[in-house]
Amino acid sequence: KSIIILVPTVMLFFADIKVNAQIPNETAHDLVAATLILEAGGEKDQRAMLAVWEVLRNRAKQQNKSIVSVCFQRKQFSCWNNVEKRQALFDKASKHPKFNKAYDIATKNYKTNVTNGATHYHTLKVNPYWAKSYEKTVVIENHIFYR
């Protein structure tokens, strides 16, 4: 007899695999941590990186994709829009003083909800066309979150 074992897709969210997304030598956790730094590392509020983490997690679940693939979706997270500069951006993020905190968030799968289920956000500096299609949930420093 054969036994079939089904592995839930949730495992893909945190698999510490090598990811080739123009940054070939970094793990999934490294890339998620870099995204948190590049998107919210400059904020003083401790919730800022957790909020970005929640958006990544919520969107990955909603789209049934890995968190890393969500990070690198075209025109979704502005920090990665310039494909040619991704390695340089990663290198900069990995030297940031909050990188260890971001890595902790990326690896611990925190069960937070500071954004009230947000799947999108933007900075206060912009007014994207899509914002009026979503419900505003919270403002954390320089970011507005939506679901």
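Because the structure is predicted, anything quoted here is derived from the model rather than measured.

K.L.:
Let's hear about the overall build of the protein chain: which residues, and what values?
P.N.:
Counting its secondary structure elements, the protein chain contains six helices and three strands. When the helices and strands of the protein chain are read in sequence order from the N terminus, they spell out α-α-α-α-α-α-β-β-β. Counting all 147 residues of the protein chain, 46% fall into the buried class. Contacts spanning at least 24 positions in sequence make up 59% of the contacts within the protein chain whose residues lie at least 6 apart. Counting every atom, the protein chain has about 8,800 Å² of accessible surface; 54% of that belongs to carbon and sulfur.

K.L.:
Run through the confidence of the model for the protein chain, naming residues and quoting values.
P.N.:
Averaged over every residue, the pLDDT of the protein chain is 86; residues scoring 70 or more account for 83%. Between residues 1-20, whose pLDDT stays under 50, and residues either more than four places distant or in other chains, the model counts 28 contacts.

K.L.:
Tell me about helix H2 (residues 28-40), and name the residues and values.
P.N.:
Its 13 residues place the ends of H2 18 Å apart at the C-alpha level, agreeing with the 18 Å of an ideal helix rising 1.5 Å per residue. For H2, a buried count of 12 out of 13 residues is recorded, marking the element as mostly surrounded by other parts of the structure. Those residues of H2 that sit buried are Ala28, His29, Asp30, Leu31, Val32, Ala33, Ala34, Thr35, Leu36, Ile37, Glu39 and Ala40.

K.L.:
A description of the pattern of salt bridges should follow, citing residues and the corresponding values.
P.N.:
Within the structure shown, the criterion is met by three salt bridges. For Asp45, the salt bridge identified is with Arg47, shortest N-O distance 2.8 Å. For Asp45, a relative accessible area of 23% translates into the label partly exposed. When the shortest N-O distance is used, the salt bridge between Asp104 and Lys108 registers 2.4 Å. Pair noted here: Asp104 and Lys108 are both in helix H6 (residues 99-108), with a separation of four residues, about one helical turn.

K.L.:
Describe the pairing of strand S3 (residues 143-146), listing the residues and the values that go with them.
P.N.:
The side chains of a regular strand alternate between the sheet's two faces. Along S3, one buried face is formed by His143 and Phe145 and the opposite face, lined by Ile144 and Tyr146, is buried too. Across four bridges, the pairing between strand S1 (residues 120-123) and S3 is antiparallel. Note that in S3 the partner of His120 across the bridge is Tyr146. One ladder, built from four bridges, connects strand S2 (residues 136-140) with S3; its direction is antiparallel. From the neighbouring strand, Val138 faces S3, where its bridge partner is Phe145.

K.L.:
Explain the nonpolar core residue by residue, including any values.
P.N.:
Val32, Leu36, Leu56, Phe77, Trp80 and Phe145 are the most contacted members of the largest nonpolar core, which totals 36 residues. It is helix H3 (residues 47-63) that provides the largest number of residues to this core, a total of nine residues.

K.L.:
Report on the packing of aromatic side chains, specifying residues and quantitative values.
P.N.:
Enumeration according to the criterion identifies seven aromatic pairs in this entry. Aromatic side chains Phe99 and Tyr103 sit 6.4 Å apart centroid to centroid with 35° between the ring planes, which places their arrangement in the tilted category. With a gap of four residues between them, Phe99 and Tyr103 both fall in helix H6, about one helical turn apart. Accessibility expressed as a relative area gives 10% for Phe99, which makes it buried. Given a relative accessible area of 29%, Tyr103 falls into the partly exposed group. Linked through ring pairs, Phe77, Tyr121 and Phe145 together constitute an aromatic cluster.

Calculation rules
Residues numbered from 1 in each chain as written. Predicted model: local features only at pLDDT ≥ 70, side-chain atom pairs only at ≥ 80, totals over all residues. Heavy atoms only, no water. Helix = DSSP H or I, 4+ residues; strand = E, 2+ residues; numbered from the N terminus. Buried < 20%, exposed > 50% of the residue type's maximum accessible area, 1.4 Å probe, protein only. Contact = heavy atoms within 4.5 Å. Areas by Shrake-Rupley, 256 points an atom, 1.4 Å probe, with all protein chains shown as cover. pLDDT = per-residue confidence, 0-100. Expected span 1.5 Å × (residues − 1). Salt bridge = Lys/Arg side-chain N within 4 Å of Asp/Glu carboxyl O. Pairing = 2+ DSSP bridges. Core = buried A, V, L, I, M, F, W, Y, C linked by side-chain atoms within 4.5 Å. Phe/Tyr/Trp six-rings, centres within 6.5 Å; stacked < 30°, edge-to-face > 60°.

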